[in-house]
Amino acid sequence: SKMNLWIDEKITLKDLLYGLILKSGNDAALAIEEYHDGILKQKTFIAKMNDKAKFLGLVTTEYFDSAGITENKSTALELSILLNYALRNEIFARIAGTVQYNAKSLNGSLEHNMTTTNRLLRTRTDTIVGKTGYSEAAGYNFINVFRSPQGHRIVVVVLGAENHDSRFEESN
């Protein structure tokens, strides 16, 4: 998937994060990685992602690229741990719970209208946040957080669903 960035487009990091999380924008992931590696030359973005996984005690999770195009590895349990950690970040929680967002390039000439790839965020009021994913090796994936009637968070992880729709159906 893409956010549909243009070559040499100037855009804020915040808007790239929306493109990454809402649109599953591989181009946004690569732009964030390129920005990070250009500014902080001491350690690559991918190395820092793997360091964070180790810090969180994720023993199976291993990243090979920021966009998930190659065979990054994880488990359902470790993805739920990662999501619970990410939800501590107010910015991530706000973005992952957003249905629609419009971003503009810094000069205002380009606009990116983005709608979440998480269908349940658009259709179920008990959905708090969620993220879809796909790769040829892993199939269709989905992680979602629901709010129970008692106010508890329920994390559902679907890995290897057959198609785009079945990952949502399996999480219901």
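For the structure itself, look to the data block above.
In this text the structure is predicted, and so the values were computed from the model without any measurement.

Chemist: Before we move on, could you go through the pattern of salt bridges and cite the residues and values that matter?
Modeler: All chains considered together, the criterion is met by four salt bridges. Where Lys73 meets Glu62, a salt bridge forms, and the shortest distance between an N and an O atom there is 3.4 Å. With a gap of 11 residues between them, Lys73 in the loop between helix H3 (45–55) and helix H4 (76–86) and Glu62 in the loop between H3 and H4 connect regions that are remote in the sequence. Given a relative accessible area of 43%, Lys73 falls into the partly exposed group. Look at Glu62 and you get partly exposed, because its relative accessible area is 31%.

Chemist: Can you tell me about unusual backbone geometry, naming the residues and giving the values?
Modeler: Its identity is not glycine, yet Asn4 carries a phi of approximately 75°, on the positive side. With respect to the secondary-structure elements, Asn4 resides in the segment before helix H1 (13–22). With phi around 65°, Asp8 is a residue other than glycine that occupies positive phi space. With respect to the helices and strands, the residue Asp8 is situated in the segment before H1.

Chemist: Any chance you could break down H4 for me, citing the residues and the numbers?
Modeler: Every buried residue of H4 is accounted for by Glu78, Ser80, Leu83 and Ala86. At its buried positions, H4 is contacted by helix H5 (90–96), strand E3 (127–135), strand E4 (139–147) and strand E5 (153–161).

Chemist: Please give an account of the packing of aromatic side chains that cites residues and values.
Modeler: Summed over all chains, the structure comprises three aromatic pairs. Here the aromatic rings of Phe142 and Phe168 are separated by 4.9 Å at their centres, their planes lie at 70°, and the arrangement is edge-to-face. You can see Phe142 sitting in strand E4 and its partner Phe168 sitting in helix H7 (residues 164–171), a full 26 residues away along the chain. Assessed through its relative accessible area of 0%, Phe168 is described here as buried.

Thresholds, definitions, all that
- Residues numbered from 1 in each chain as written.
- Predicted model: local features only at pLDDT ≥ 70, side-chain atom pairs only at ≥ 80, totals over all residues.
- Heavy atoms only, no water.
- Salt bridge = Lys/Arg side-chain N within 4 Å of Asp/Glu carboxyl O.
- Helix = DSSP H or I, 4+ residues; strand = E, 2+ residues; numbered from the N terminus.
- Buried < 20%, exposed > 50% of the residue type's maximum accessible area, 1.4 Å probe, protein only.
- Contact = heavy atoms within 4.5 Å.
- Phe/Tyr/Trp six-rings, centres within 6.5 Å; stacked < 30°, edge-to-face > 60°.

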